[in-house]
Every structure is written in structure tokens, then in C-alpha cells.
Amino acid sequence: MKKRILALISAAVIALAFTGCGSDETENTAAGESAENGSESTQTAADRTAIAQITQTEIEGLSENQFYAANLMGTGITEIYVSENGSGDWGNNLISSPITDGQKVIISVPGMETGKEYDICVIDSEDNTTEYYGFDIASTVQVTFYEDAQCDVSTI
């Protein structure tokens, strides 16, 4: 019950944070240019913003060792690794197929322990490696990866 209340509060805060965000002409132009240049993507700026949000239903569908990875990097993600903070061993890739730009998938972290911090390593389709440090995976429900090694973390 406590987790559901926290999840509901988190979802409300995330929704509130995005109410000030709207598409502008630059985003619409970029999406239009993409379609004109022969890109098969028909994803709008609103669709991309929606991916960064997490719903109460999505939160309730997660088990204790899972979180969503949302890709808004502008390129695909080919590998994701999660390891205990400072361990130096990334272990195995946690995704079986690439996460395309504008896609969100569930990541399961085997052997995750409550109360420990974890690091995340992301490798994109251009072979760029980005590392993110100090996550409480037990309370993380979504990590949204953006361009320029930026990310947002949604927790409960």
C-alpha cells in the first residue's frame, strides 16, 4: 500500500513537471523535416514527451528488480549494464535487442539488493559509452536517457 501511494505521488509529480512543457515550432519543424527526409519515424514531439512520463499502471506492473529504460537519445541503445556501485565489473548486457530512439522497455536486474547503490552503463548504436552513477535501483521506476549523457530518474 505504501509503495502504491508513493508511486501515485511520483506519477503526479512527473505529470506536473511536464505540464509546463509543450511543443514549439522548432520541435514540430524538426519532426516535419525528419518525415520529409525519408525517415520512417512518424513520432511527434508529444509522443517523445509521453515516453519520458511513467503511468501508475506501468509502475504497478514492475517487480522489485525492474525499471523502465526510456530512450530519447536520438540514437539507438544497443547495450545496458547495471552493477553495484564501485564494483568495476559490469556483468552481462541486460537487453536482448536494441532500444530504438523513442522506445521504452523494462529492464530486469538480477541479484539486485535493496539499500545498495548501482551504476548504469549505456552503449549506443554509435558505440558511445556513457556511465551513470549512484542509483537506488530498488526505488527507481524509470530512467530516461537523453542526448549529451543526460538522464532523468523517476523513483518511488
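Residues numbered from 1 in each chain as written. Predicted model: local features only at pLDDT ≥ 70, side-chain atom pairs only at ≥ 80, totals over all residues. Heavy atoms only, no water.

Chemist: Honestly, the confidence of the model for the protein chain in this entry has me stumped. Any pointers?
Modeler: In low-pLDDT regions, the fine details of the predicted coordinates are not to be read closely. Of all residues in the protein chain, 72% have pLDDT values of 70 or greater, and the mean over the chain is 79. The spread of mean pLDDT over the elements of the protein chain runs between helix 2 (residues 25–36), the lowest at 35, and strand 2 (residues 77–84), the highest at 97. Low pLDDT, under 50, characterises residues 15–40; the stretch is placed with 9 contacts to residues that sit more than four places away or in other chains. (pLDDT = per-residue confidence, 0-100. Helix = DSSP H or I, 4+ residues; strand = E, 2+ residues; numbered from the N terminus. Contact = heavy atoms within 4.5 Å.)

Chemist: I keep staring at the side chain of aspartate 124 and nothing clicks. Help me out?
Modeler: Note that aspartate 124 resides in strand 4 (residues 118–124). At 12 Å, arginine 48 is the nearest oppositely charged side chain to aspartate 124, a buried residue that forms no salt bridge. Only 2.9 Å separates the side chain of aspartate 124 from the backbone nitrogen of asparagine 128, close enough to count as a polar contact. Not counting residues up to four positions away in its chain, the partners in contact with aspartate 124 are Met73, Thr75, Gly76, Ile77 and Thr78. (Buried < 20%, exposed > 50% of the residue type's maximum accessible area, 1.4 Å probe, protein only. Lys, Arg positive; Asp, Glu negative; His and termini not counted. Salt bridge = Lys/Arg side-chain N within 4 Å of Asp/Glu carboxyl O. Polar contact = N/O pair within 3.5 Å; in protein donor to acceptor, adjacent residues only side chain to side chain.)

Chemist: I'm lost on the pattern of salt bridges in this one. Help?
Modeler: If charged atoms from side chains of opposite charge come close, those side chains can pair. A complete count under the given rule lists 4 salt bridges for this structure. The residue glutamate 84 makes a salt bridge to lysine 116 at a minimum N-O spacing of 3.5 Å. Of this pair, glutamate 84 sits in strand 2 while lysine 116 sits in the loop between strand 3 (104–108) and strand 4; the two residues are 32 residues apart in sequence, bridging distant segments of the chain. By relative accessible area, glutamate 84 is classed as partly exposed at 35%. Exposure remark for lysine 116: the relative accessible area of 27% places this residue in the partly exposed category. Within the structure, one salt-bridge network assembled from shared partners comprises Glu84, Glu113 and Lys116.

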